[in-house]
Amino acid sequence: MGFFELFSTALAGFYALIPSYGLAIILLTLAVRLLLLPLSIKQTKSMREMQAIQPEIKRLQAKHKGDRQKMNEELMALYKEHGVNPFGGCLPLLMQFPVLIGLFYVIREPLKYMGEVVESSALADGLREIPVQINSFLGIHLNCTAGNTLSGTIEGEGTARALAESCGSGLVAALPYLLLVLAMGFTTYYQQKQMQKSTPKSPQAQQMQMITRIMPLMLMVFSFNFPAGVVVYWVTTNLWTIVQQRIILAAHPPVAVGAGGGAVLPKKDKGGKTPATAKAGKPDSSKASPNGGKQPAGAASKPHPSSKKKRKK
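Residues numbered from 1 in each chain as written. Predicted model: local features only at pLDDT ≥ 70, side-chain atom pairs only at ≥ 80, totals over all residues. Heavy atoms only, no water.

(A) Representation of the overall build of the protein chain in the model. When its secondary structure is counted, the protein chain shows 14 helices and two strands. For the protein chain, buried positions account for 38% of its 313 residues. In the protein chain, the share of contacts with a sequence separation of at least 24, taken over all contacts with a separation of at least 6, comes to 72%. Counting only carbon and sulfur atoms, one obtains 62% of the accessible surface of the protein chain, whose full area is about 18600 Å². (Helix = DSSP H or I, 4+ residues; strand = E, 2+ residues; numbered from the N terminus. Buried < 20%, exposed > 50% of the residue type's maximum accessible area, 1.4 Å probe, protein only. Contact = heavy atoms within 4.5 Å. Areas by Shrake-Rupley, 256 points an atom, 1.4 Å probe, with all protein chains shown as cover.)

(B) Structural detail: unusual backbone geometry. One non-glycine residue with positive phi stands out, namely L138, at about 50°. Of note, L138 is situated in the loop between strand 1 (136–137) and strand 2 (140–141).

(C) View of the side chain of S20. Tracing the backbone shows S20 in the loop between helix 1 (3–17) and helix 2 (21–52). Judged by its relative accessible area of 17%, S20 is buried. The residues contacting S20, other than those within four sequence positions of it, are Y15 and F137.

(D) Seen up close, the pattern of salt bridges. Evaluation of the coordinates by the stated rule reveals three salt bridges. The partner of E56 in a salt bridge is R59, and the shortest N-O contact between them spans 2.6 Å. Of the two residues, E56 and R59 both sit in helix 3 (residues 54–63), three residues apart, roughly one turn of that helix. Measuring nitrogen to oxygen at the nearest pair gives 3.9 Å for the salt bridge that ties K112 to E109. Taking the relative accessible area as the measure of exposure, E109 reaches 34% and is therefore partly exposed. (Salt bridge = Lys/Arg side-chain N within 4 Å of Asp/Glu carboxyl O.)

(E) Inspection of the packing of aromatic side chains at higher detail. Within this structure, the stated rule accounts for seven aromatic pairs. Ring centres of F4 and Y105 lie 5.3 Å apart, and the angle between their planes is 55°; on these two criteria the pair is classed as tilted. Of this pair, F4 sits in helix 1 while Y105 sits in helix 5 (residues 91–108); the two residues are 101 residues apart in sequence, bridging distant segments of the chain. Overall, the relative accessible area of 22% leaves F4 in the partly exposed class. Given a relative accessible area of 28%, Y105 falls into the partly exposed group. Between the aromatic rings of F104 and Y105, the centroid separation amounts to 5.2 Å while the plane-to-plane angle is 90°, which identifies the pairing as edge-to-face. (Phe/Tyr/Trp six-rings, centres within 6.5 Å; stacked < 30°, edge-to-face > 60°.)

(F) Fine view of helix 2. Compared with an ideal rise of 1.5 Å per residue, which puts 32 residues at 46 Å, helix 2 spans 46 Å between its outermost C-alpha atoms and is within 8% of the ideal. Bending of helix 2 peaks at approximately 45° at the position of L36, with proline P38 no more than four residues after it. (Expected span 1.5 Å × (residues − 1). Bend = angle between axes of the 7 residues up to and from the residue.)

(G) Seen up close, the nonpolar core. L11, Y21, L103, L123 and Y233 are the most contacted members of the largest nonpolar core, which has 44 residues in total. Within the residue set of this core, elements represented by two or more residues are helix 1, helix 2, helix 5, helix 6 (122–129), helix 10 (171–197), helix 11 (203–223) and helix 12 (228–251). The element contributing the most residues to this core is helix 12, with seven residues. With near-sequence residues (within four places) excluded, Y233 lies in contact with I25, T29, V32, Q96, V99, L100 and L103. If you look at the next biggest cluster of nonpolar residues, it comprises nine residues, including M50, I57, L78 and Y79. (Core = buried A, V, L, I, M, F, W, Y, C linked by side-chain atoms within 4.5 Å.)

(H) Focus on the side chain of T241. Position of T241 among the secondary structure elements: in helix 12. By relative accessible area, which is 7% here, T241 ends up buried. Beyond its immediate stretch of four places on either side in the chain, T241 contacts R33, Q191 and Q194.

Right under this line is the structure:
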């Protein structure tokens, strides 16, 4: 079974459970997100560990300020020692692109990629007999694009022409598709910003900020010519990710961050226990003086030796 046939088979299977092409795409989205869930959890744990080693990162940056190559080598060694991936935030996003490409071709020409396994399925039969009705979902047509609807382009013959005509033409007809594209761009930006807020400051984080600004705009430009079914997949993915990140970040709260921007990791005593004063970040004044840091009785009444000499004069 080829790469595209895998997606057409999955869609046909979900359509057999719930006879709605749009819901089949959403169920496929949820299945993909569940498969990527362990990776997302690992990414969040790596991010929290990144916060904990911030003081050491700052120390290495100061130590090798004039030697960028040496600094990068030691940073990579530090990341490896703690199992941290500084670019882990990009990985779940990059994992979406193969699915995005697969859905793009399958939704654009679904019957082309339905092999022997699903050529007689309910979805395949519906796409042959009533393609316009099958592609209808919540007032839009999953095969239409914002670009073609806005321009009113109608290409092809037979079924292809009927599908193109069902998209309509002009700004009013394209408005639902344009709103879907805007929703995709906003949710992409929001879920990246959500993760960025919990990421400690570092050179890699600054690069991620640039990606956060560019990626939503780039995807909106691409999705302008994506079938609406692909954009539905992407919006569903973003909404899932936003909720998932909120839950995972709550389950893995950030470490305490000190004034220098790094994690406060109190030193442990010989018994391996953390002193209560260290946890509070206050010095133990009782160890500095036998009387628990208090001034001895009568100390205030004794004049300084130098004052006696001045009186004699």
